[in-house]
Amino acid sequence: MLQNLSSTFHRISSAYTALLITLLYGYFIAVIMPEQSAMSATYEGSWGAPDRHFFYSPKSLYASIAVWGNAGRSDYISFRLNLDIIWALAYSGFLITFISLGSRKAFAPDDRRQLLNLAPLLPLSADLIENSLAIWLVSAWPVKMEAVAWLAAVSTAVKWSSLVAAHLVLLYILTYLLAKKLNFFKRR
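In this report, we go over the structure that sits alongside the text. Nothing here was measured: the structure is a model prediction, and the numbers come from that model.

### Remarks on the nonpolar core
Core analysis: the biggest nonpolar cluster contains 21 residues, and W87, Y91, L95, I99 and I173 have the highest contact counts within it. Counting only elements with at least two residues in this core, the list comes to α2 (15-44), α4 (83-106) and α6 (146-181). Among the elements that take part in this core, α4 stands out by supplying eight residues, more than any other. Apart from the residues within four sequence positions on either side, L95 is in contact with P120, L163, A166, H167 and L170. Y62, L133, A140 and M145 belong to the second largest nonpolar core, which has 20 residues in total.

Below you can see the structure in the form of structure tokens.
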């Protein structure tokens, strides 16, 4: 199953796909995320949203949710149910596309490293889980669910850790390609 998914990602990754996903990714970074950040700053206070932290305690999370007010909680949920899903798909698609394109050039078709294009699926999954749990917690306010809050905090940490790892995979492939181009692997 993973091999089939990886092969599908390789098949759909092209210069055209790279252009489209780069434009979408860039649009989110340049337009959507700054607008959302400015809007959420009006209600989030100095702590911000939970997904802006690597790890947090339920106490910190609930202290933040308490100051958001009904309008802030509604905006938080709305963004997580709409544009934040597209954002997660955009950054994952960007990484999948460029890892696929790079690994096709770097490694033989039967090399197990071709499966590295699956690495962005972990941060994507963790992000969607994080959003689902956070929506549940914010929707339930003022009811507090400590276990769910801890799960949300862990999913946030997994998201950030695995997102860094996925970027390191891309960096590894680009470095490998550069070394290959410079004939670093040839015997002297």
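Here the narrative resumes.
### A look at the packing of α2 against α4
Between α2 and α4, whose axes approach to 9 Å, the crossing angle comes to 140°. One element, α2, and the other, α4, form an angle in the oblique class. Like other packed secondary-structure pairs, α2 and α4 cross with a definite hand, here left-handed. Of the residues in α4, those in contact with T17, A18, I21, T22, L24, Y25, F28, I29, I32 and M33 of α2 are L83, I86, W87, A90, Y91, G93, F94, T97, F98 and L101. Residues belonging to the contact of α2 with α4 are distributed by class as follows: 16 nonpolar, four polar and no charged.

### Brief notes about helix α1 (residues 2-12)
For α1, every residue scored as buried is listed here: S6, F9 and H10. All buried residues of α1 project into a common sector of 100° when viewed along the axis, lining one side. Within α1, the exposed residues directed more than 90 degrees away from the buried face are N4 and R11. Tucked into the core, α1 has its buried residues touching α4 and α5 (121-140).

What counts, and at which threshold
Residues numbered from 1 in each chain as written. Predicted model: local features only at pLDDT ≥ 70, side-chain atom pairs only at ≥ 80, totals over all residues. Heavy atoms only, no water. Core = buried A, V, L, I, M, F, W, Y, C linked by side-chain atoms within 4.5 Å. Buried < 20%, exposed > 50% of the residue type's maximum accessible area, 1.4 Å probe, protein only. Helix = DSSP H or I, 4+ residues; strand = E, 2+ residues; numbered from the N terminus. Contact = heavy atoms within 4.5 Å. Axes fitted to C-alpha atoms, helices over the stretch in contact; angles between N-to-C directions. Parallel < 35°, antiparallel > 145°, perpendicular 65-115°, else oblique. Left-handed = near helix turned anticlockwise from the far one by under 90°. Nonpolar A, V, L, I, M, F, W, Y, C, P; charged D, E, K, R; others polar. Arc of directions from axis to C-beta.

The analysis is restricted to geometry; functional conclusions fall outside its scope.
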